[in-house]
Amino acid sequence: MKKYFLLLFLLLNFFIIEDVYALTYEEVDQSVLQYNISNFLLKDENIILNGWAVTDNHQNLTGNDTHEYSLLLVNQDTGKELIYNAELKSVDKTRLMKASEETKVCSNYFDGHKCYYKYTKVGFEFIIPIRDLEDDAEYSIKLRIYEKLINKRYQLSIYALGIDNSYEYKGVKYQLYSDIKKTSIDILEGYLYVRSGPGQNYSIRQSSISCYSGKS
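Overview of the structure. Positions within a chain are numbered from 1, following the residues in the order the chain's sequence is written. The predicted origin of the model limits local features to residues at a pLDDT of at least 70 and limits the giving and counting of side-chain atom pairs to 80 or more, whereas totals for whole chains, interfaces and linings rest on all residues. Calculation of side-chain values draws on the structure's entire complement of heavy atoms; hydrogens and water are dropped beforehand.

Segments assigned H or I by DSSP are reported as helices when at least four residues long, segments assigned E as strands when at least two residues long, and all are numbered from the N terminus. When its secondary structure is counted, the protein chain shows 2 helices and 14 strands. Under the scheme applied here, a residue whose accessible area is under 20% of the maximum for its type counts as buried, over 50% as exposed, and between as partly exposed, the area being computed with a 1.4 Å probe on protein chains only. Burial statistics for the protein chain: of 216 residues in total, 42% are counted as buried. Within the protein chain, contacts between residues at least 6 apart in sequence are counted, and of these 68% link residues at least 24 apart. Per element, the accessible surface of the protein chain, about 12100 Å² overall, is 48% carbon and sulfur. Here, two residues are considered to be in contact whenever any of their heavy atoms come within 4.5 Å of each other. We get accessible surface area from the Shrake-Rupley algorithm with a probe of 1.4 Å; when it comes to residues, only the shown protein chains can shield them.

See below:
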């Protein structure tokens, strides 16, 4: 028996899934909700997922009173949904997201002046008990954030590069993987943000990019 995790990544997703969670959480792409998956493994009787995620120019993300993360798992055969809340971790991405010329910290939400937001608690850890997962099942995963100060909820399908690990626990085989063959990326036009030098201490620079065919 195997239990599968399928991580699907859609860069531009224009479709809203019609269920109770989609009515609450707006489907977005990485221009709104930016994330990184740093750890994804099976440990004892749990699947552990670590990473960080931020939203740009919305509000400060500094603790449990400002935001929360959750994970939506959907059984691809039955449609059954599981939801897990994250423990916030002290990961600071303030310098990564702020422009070099911004020197003033914003209030809790945007006040119309030139300022930057603090992202000091944007790490997360999800613990998923394997007893919750059905046998011979495949799950898609969506990362969600609830920004409490502005009452906004966003979600997107997540993709973690290079994950294809198999584990065996108590006679049951588990496979954690990302199926890149099912990845669809549409590029229309946008902006490319880069830094003027290596590392997070250098200022952000912006450049426009485009794709003639509209698809890559």
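What follows is about the nonpolar core. Only buried residues count toward a nonpolar core. Its members are Ala, Val, Leu, Ile, Met, Phe, Trp, Tyr and Cys residues joined through side-chain atoms within 4.5 Å. Within the largest apolar cluster, 41 residues are counted, with the highest numbers of intra-cluster contacts made by Y69, L71, L73, F124, F126, L143 and I158. Of all elements in the fold, only β3 (33-43), β4 (46-55), β5 (67-75), β6 (81-85), β8 (123-129), β9 (137-147), β10 (152-157) and β12 (172-177) reach the threshold of two or more residues within this core. Not counting residues up to four positions away in its chain, the partners in contact with Y69 are A53, Y84, N85, A86, L88, K121, V122, G123, F124, F126, R144 and I145.

Further remarks concern the pairing of β9. With 10 of its 11 residues buried, β9 lies for the most part within the structure. Here the rule is simple: two strands pair whenever DSSP picks up at least two bridges between them. For β9 and β10, the ladder comprises 6 bridges, and the chain directions are antiparallel. Along β10, the bridge assignment pairs R144 with Q155. Here β9 folds back onto β10, and the loop between the two strands holds 4 residues, one of which, N151, carries a positive phi near 55°.

Any functional reading would require information beyond the geometric quantities listed.
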